[in-house]
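Architecture at a glance
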Amino acid sequence: MTRPLRPLTTVFAICLAFTFNAANKASAEERLRLTGSSTVAPVMQEITKMFEDGRDVRTFVETGGSSKGINDLRKGLSNVAMISRALAESETELTAHTIARDGIAALAHSDVPLDVLSPDQLRAIFTGTVDNWSELGGPDQAVVVISKGEGSATSVVFNTFLGLTADKIEGDIVAAENAQMIKTVSVTPGSIGYVSIGAAIVDIEFGTPIKLLALGDVPATLENVANGSYQATRPLSLVTMGEMSAGVADLIDFSKSAAVSEIITDLSYTPVTQ
Amino acid sequence: MTNPQVSAAPALSRAHRPLGSGVTFDGVLRVALAIAFGFACIIVLVVAFVILQGAAPALAQISWARFLTDPDWHPMVEMYNMTPMLVGSVLTSIGALVLATPVSLAIAAACNFYLNPLAASIYRRILFVMAAMPTVIFGFWGLTEVVPFLGQIKAPGVSLLAGVLILALMIIPTTALLIDVAFSKLPRQLLNGAYALGASRAQTCFTMACVVVRRAIFSAALLGLGRALGETIVVVMVTGNKAALPTSIFDPIRTLTANVTLEIGYAAPLHTATLFLSILILFMIATGLALLVYKLNFNDNTQVDV
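Please read these numbers as outputs of a predicted model, since none were measured by experiment. (Residues numbered from 1 in each chain as written. Chains lettered and ligands numbered in written order. Predicted model: local features only at pLDDT ≥ 70, side-chain atom pairs only at ≥ 80, totals over all residues. Heavy atoms only, no water.)

A few words on the packing of helix α8 (residues 188–196) of chain B against helix α9 (residues 201–212) of chain B. Residues and elements named next belong to chain B. Closest axis-to-axis distance for the α8/α9 pair is 10 Å, and the angle between their directions is 140 degrees. When the axes of α8 and α9 are compared, the pair comes out oblique. Between α8 and α9 the crossing geometry is right-handed. Of the residues in α9, those in contact with Leu 190, Leu 191, Ala 194 and Tyr 195 of α8 are Arg 201, Thr 204, Met 208 and Val 212. Split by residue class, the contact of α8 with α9 holds six nonpolar, one polar and one charged. (Axes fitted to C-alpha atoms, helices over the stretch in contact; angles between N-to-C directions. Helix = DSSP H or I, 4+ residues; strand = E, 2+ residues; numbered from the N terminus. Parallel < 35°, antiparallel > 145°, perpendicular 65-115°, else oblique. Left-handed = near helix turned anticlockwise from the far one by under 90°. Contact = heavy atoms within 4.5 Å. Nonpolar A, V, L, I, M, F, W, Y, C, P; charged D, E, K, R; others polar.)

As structure tokens, this is what we get:
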């Protein structure tokens, strides 16, 4: 019984040796790990590419949702968390550094006859009070409500804006992330969901049969998010815990600077520097 | 099986020739296998431990009954009814199994008894390609083609039925190939005997061959069931993921796997623990299935030795 164990320990020892070796090699440069929101991650991937240029820093950007980002930061598994919502009351020991804003808008299949919905109408649709477009002046067609996974930053921002809690939402379909939300709305006639404006605009330009609905009188456009007239917006932020290291402080200053505003605008978000 | 005295007799066989300083090929192989065996055991135990550890807070803080009796699944407001997901997982995978097994059997029968050898080998190659296809392709095809089609019959399209159809399509290549292998291993004399008695192809295939390989068919079906049960990306894309009990096959459902994928990224600690519990339930079902397959293959005295 004990004989096979000896080779086993040898293999472990070799693995360990490799790990230490890798750690030693890397210690010459600073390594920053960023985890969190799938909305912020693509932005930070571009920004860190520019940031690494000419600096002795290696960055690793990983996605997995805002809450995962916060958890990793608290456990010391990352240096910076990326979040696409405001910090919650239970997270006040952390510091958020907002780098951009993103609008969230109701998204409908192109065949939905309405272009404008008031917050009250949205509330009626998403709580299931209205389940046919005819009740809002459209044709006799069932409303298919698409929501996002419970706890997702987009859904928290959208629900909070409407003053609803998760259990009040009567959805027919739940989408896992933005791309699936857009795809599902585009193949489901009479459907309505919600999505980051930035994510939807690219697909609309591409010809996907979807449209963003105006909120009250304000069309869901990047201009209206930038000038503050569009109300349902959320901050995209980097979050740190306690004292920042020089490298982290440098990255945060860089991410808020005018140097990266083109990256942010290209990805259809609104830089805070504007 | 083989007589050890006979196999030990040729003293110069390669396995027993010393490689130097008393090390034999057999000895090296024995150690290598021991290591592989040890790792396999450790990995399964570590996985079980991590899942149990992850689910522990949920089991400690929420009573068992609440996972069945809470009004709904809304972890953000502390409602944890998991029945819809359990029912969703069972319905989609059983549905896929019921649909896929007869089709797989028909394909395997065609390859062995009806098609000429060239056509059968082309058919098998196509099945191999389909079995190796990443499941996300099935999911995407389902979402863009099957779902809108079902939506025309009854809105919203994403549904239990869509999940069953795509999953069945996904597991057919695997189960068909497994049954095909069992058929092709049938002893020649059995087949010749059947034909000599004047049995038609259909009689040979369905009244003789199917009976002889029935255990293989059953374990192929169970392996397909296990695959359908564990599939995630396909069901997330085509079943709608609504955490409610379906009233018809056109209603959206959510499976245990989809539940984890949808929410783990956003979950607060206790919510995460309940998702680990979803995984624990799946792990137990999958282990049960694997043990059943094992029992069928190795504890069977009735089967003709093929």
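Moving on: the side chain of Asp 102 of chain A. Inspection of the secondary structure puts Asp 102 of chain A in strand β4 (residues 94–109). A distance of 2.9 Å separates the side chain of Asp 102 of chain A from the side chain of Ser 196 of chain A, its partner in a polar contact. (Polar contact = N/O pair within 3.5 Å; in protein donor to acceptor, adjacent residues only side chain to side chain.)

Residues and elements named next belong to chain A. Inspection of the secondary structure assignment puts Asn 178 in helix α6 (residues 178–187). Polar side-chain contacts of Asn 178 include one of 3.3 Å to the side chain of Lys 148. Once you skip the residues sitting within four places of it in the chain, Asn 178 turns out to touch Thr 39, Lys 148, Thr 154, Val 195, Ser 196 and Ala 199.

For an interface, size is often stated in terms of accessible area lost upon the parts coming together. Taken together, the contact between chain A and chain B spans 32 residues of the former and 31 residues of the latter. Taken together, chain A and chain B are joined by zero salt bridges. In this assembly, chain A and chain B are joined by five residue pairs in polar contact (both at pLDDT 80 or more). Elements supplying a minimum of two residues to the side of chain A that touches chain B: α1 (5–26), α3 (66–74), β6 (144–148), α5 (153–162), β7 (173–175) and α6 of chain A. Among the residues making up the side of chain A that touches chain B, the classes are represented as 14 nonpolar, twelve polar and six charged. (Salt bridge = Lys/Arg side-chain N within 4 Å of Asp/Glu carboxyl O.)

Another point: the pattern of salt bridges. A side chain of one charge can pair with a side chain of the opposite charge when the charged atoms of the two come close. Tallied over the full model, the rule gives 13 salt bridges over all chains. Across the salt bridge formed by Lys 168 of chain A and Asp 167 of chain A, the nearest N and O atoms sit 3.3 Å from each other. The closest approach of N and O atoms between Arg 66 of chain B and Asp 70 of chain B, which form a salt bridge, is 3.2 Å. The exposure class of Asp 70 of chain B is buried, given its relative accessible area of 10%. (Buried < 20%, exposed > 50% of the residue type's maximum accessible area, 1.4 Å probe, protein only.)

Take the environment of Asn 159 of chain A next. Residues and elements named next belong to chain A. In this structure, Asn 159 sits in helix α5. Overall, Asn 159 belongs to the buried group, its relative accessible area being 8%. Between the C-alpha atom of Asn 159 and that of Asp 172, which follows or precedes it by 13 residues, the distance is 16 Å. Once residues lying within four places of it in the same chain are set aside, the contact partners of Asn 159 are Leu 164, Ala 166 and Ile 169.

Moving on to the packing of aromatic side chains. A complete count under the given rule lists eight aromatic pairs over all chains for this structure. Between Phe 126 of chain A and Tyr 194 of chain A the ring centres are 5.7 Å apart and the planes differ by 50 degrees, which places this aromatic pair in the tilted class. One end of the pair, Phe 126 of chain A, is in helix α4 (residues 119–126); the other, Tyr 194 of chain A, is in strand β8 (residues 191–196), and 68 residues separate them in sequence. On the basis of relative accessible area, Phe 126 of chain A is assigned to the buried category, the value being 0%. Centre to centre, the rings of Phe 113 of chain B and Phe 183 of chain B are 5.5 Å apart; their planes meet at 85 degrees, and the pair counts as edge-to-face. One end of the pair, Phe 113 of chain B, is in helix α4 (residues 83–114); the other, Phe 183 of chain B, is in helix α7 (residues 160–184), and 70 residues separate them in sequence. (Phe/Tyr/Trp six-rings, centres within 6.5 Å; stacked < 30°, edge-to-face > 60°.)

Moving on, we get to the environment of Leu 86 of chain B. All names here are of chain B. As for its placement among the helices and strands, Leu 86 is situated in helix α4. On the basis of relative accessible area, Leu 86 is assigned to the partly exposed category, the value being 30%. Taking the C-alpha atoms as reference points, Leu 86 and Gln 61, 25 residues apart in sequence, are found 21 Å from one another. The residues touching Leu 86, leaving out its near neighbours within four places in the chain, are Leu 256, Ile 281 and Ile 285.

In this section: α7 of chain B. Residues and elements named next belong to chain B. Compared with an ideal rise of 1.5 Å per residue, which puts 25 residues at 36 Å, α7 spans 35 Å between its outermost C-alpha atoms and is within 8% of the ideal. The largest bend in α7 comes to about 35 degrees, at Ile 172, with the proline Pro 173 one to four residues further on. For α7, a buried count of 19 out of 25 residues is recorded, marking the element as mostly surrounded by other parts of the structure. (Expected span 1.5 Å × (residues − 1). Bend = angle between axes of the 7 residues up to and from the residue.)

This part takes up the nonpolar core. Counting 76 residues, the largest nonpolar core has Leu 107, Leu 122, Ile 125, Phe 126, Ile 192 and Leu 212 of chain A as its most contacted members. It is α7 of chain B that provides the largest number of residues to this core, a total of ten residues. Core analysis: the second largest hydrophobic core is formed by 26 residues, Ile 51, Leu 229, Ala 243 and Leu 282 of chain B among them. (Core = buried A, V, L, I, M, F, W, Y, C linked by side-chain atoms within 4.5 Å.)

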